[in-house]
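Results of the structural survey
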Amino acid sequence: MRRSGARAGSRRRTGAALALTALTVPLTVAFSSPASAAAASPCTAFRGPYQKQAERFLGLRVDGRQSASDCRAIRAFQTSHGITPNIGYAGPVTWGVMKLVAPQRAAGHHPNKARKCPTDRGRIACVDLTRQLSWIQDGSKLVFGPVPVRTGRDGFETRTGAKKIYWRHLHHVSTLYHVAMPYSQFFDGGQAFHSISGSVWSAPGSHGCVNMRSNDARKYWALLSNGDDVYVYGRKPGT
């Protein structure tokens, strides 16, 4: 009886262990980091509808055919820009981000070449809605940037014109949307520069704020102060 009971107890412990494992696996997947999820994503052999455009953008051989090297290059772009699923498929989302990144890259170290942001106000933070770019300048001298940003979506557009930073809150939390807004620097009502944890290239956009990557928002916090000028111009694609 003792041996039978021991075997039964062993079976119960084994069953419990298996049940615990079954519970643990989904939790591990659910809380895995984006980096580990990206590393685990497979690379697809299928060509997307924007295969040729993606090949041209990435400097690959433009033949419209999905190769292993094409897939790896597209997948690397998707991973670095927060596009999911990042499986190397050249779909409309990937091509949309590429179209946005192209003029951002072209801006280089001369984002205000067209002189659309004022150069007669000393230190000023410029926001170009059309290119989804921002930078800080002193007169015509570039101080920091340009950096990619994510501005207001359709119906919640970031308002254009001359502004001034009037309130800064390092660890701000939105009372409307109940989300963290680190390094908040408000310049127009509830609209502010602040960092986000997700991708600044993701659609459809913010509720009016100028979303930034953490390091960029931290640098803006260090370089700007209450009373500094902000100038917003252009029009975000799709608004």
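These lines cover the structure that appears in this document, whether it is placed above or below. (Residues numbered from 1 in each chain as written. Predicted model: local features only at pLDDT ≥ 70, side-chain atom pairs only at ≥ 80, totals over all residues. Heavy atoms only, no water.)

Grouped together as the largest cluster of nonpolar side chains are 20 residues, with contacts concentrated most on Phe193, Met212 and Tyr220. Sequence-distant contacts of Met212, that is, excluding residues within four places in its chain, are made with Val147, Val149, Phe193, His194, Ser195, Ile196, Val200, Ala217 and Tyr220. Of all hydrophobic cores here, the second largest spans 13 residues; its members include Ala54, Ile74, Leu100 and Ile196. (Core = buried A, V, L, I, M, F, W, Y, C linked by side-chain atoms within 4.5 Å. Buried < 20%, exposed > 50% of the residue type's maximum accessible area, 1.4 Å probe, protein only. Contact = heavy atoms within 4.5 Å.)

Moving on, we get to the packing of aromatic side chains. Each aromatic ring pair is summarised here by two numbers: the centre-to-centre distance and the angle between the ring planes. Taken as a whole and judged by the stated rule, the model has nine aromatic pairs. Aromatic pair Tyr166 and Phe186: ring centres 6.4 Å apart, planes at 50 degrees, arrangement tilted. With Tyr166 in the loop between strand 4 (161–164) and strand 5 (167–173) and Phe186 in strand 6 (residues 180–188), this pair connects stretches of sequence that are 20 residues apart. Note on Tyr166: relative accessible area 45%, which makes it partly exposed. Aromatic side chains Phe193 and Tyr220 sit 5.2 Å apart centroid to centroid with 65 degrees between the ring planes, which places their arrangement in the edge-to-face category. Of this pair, Phe193 sits in strand 7 (residues 191–195) while Tyr220 sits in helix 6 (residues 214–223), and the two are 27 residues apart along the sequence. Look at Phe193 and you get buried, because its relative accessible area is 1%. (Phe/Tyr/Trp six-rings, centres within 6.5 Å; stacked < 30°, edge-to-face > 60°. Helix = DSSP H or I, 4+ residues; strand = E, 2+ residues; numbered from the N terminus.)

Attention shifts here to the layout of surface pockets. Considering only enclosed or pocket space, the largest pocket measures out at about 530 Å³ in volume. Of all the elements in the fold, those that place two or more residues in the lining of the largest pocket are strand 5, strand 6 and strand 7. In terms of residue class, the lining of the largest pocket is built from 11 nonpolar, 15 polar and three charged. (1 Å grid on protein atoms, 1.4 Å probe; cavity = no way out; pocket = protein on both sides within 12 Å on 5 of 7 lines; lining within 4 Å. Points joined across faces, edges and corners; volume = space filled by probe spheres on them. Nonpolar A, V, L, I, M, F, W, Y, C, P; charged D, E, K, R; others polar.)

Right, let's talk about the environment of Lys163 for a bit. Note that Lys163 resides in strand 4. Judged by its relative accessible area of 12%, Lys163 falls in the buried class. Sequence spacing of Lys163 and Asp229 is 66 residues, and the spatial spacing of their C-alpha atoms is 5.9 Å. Once you skip the residues sitting within four places of it in the chain, Lys163 turns out to touch Phe187, Asp188, Asp228, Asp229 and Val230. Side-chain polar atoms of Lys163 contact the backbone oxygen of Arg159, separated by 3.4 Å. (Polar contact = N/O pair within 3.5 Å; in protein donor to acceptor, adjacent residues only side chain to side chain.)

With the rule as written, the count across this model stands at two disulfides. The partner cysteine of Cys43 in its disulfide is Cys71, sulfur to sulfur 2.0 Å. As the torsion about the S-S bond is roughly -130 degrees, the Cys43-Cys71 disulfide counts as left-handed. Of this pair, Cys43 sits in the loop between helix 2 (34–40) and helix 3 (51–57) while Cys71 sits in helix 4 (residues 68–80), placing them 28 residues apart in sequence. Between the sulfur of Cys117 and that of Cys126 lies a disulfide, 2.1 Å long from S to S. Classification of the bridge connecting Cys117 and Cys126 rests on its S-S torsion, roughly -85 degrees, and on that basis the disulfide is left-handed. A residue is classified by how much of its surface remains accessible, and Cys117, at 1% relative accessible area, is buried. A residue is classified by how much of its surface remains accessible, and Cys126, at 0% relative accessible area, is buried. Each bonded cysteine of the chain gets a number by its place in the sequence, and the pairs then read 1-2, 3-4. (Disulfide = S-S within 2.5 Å.)

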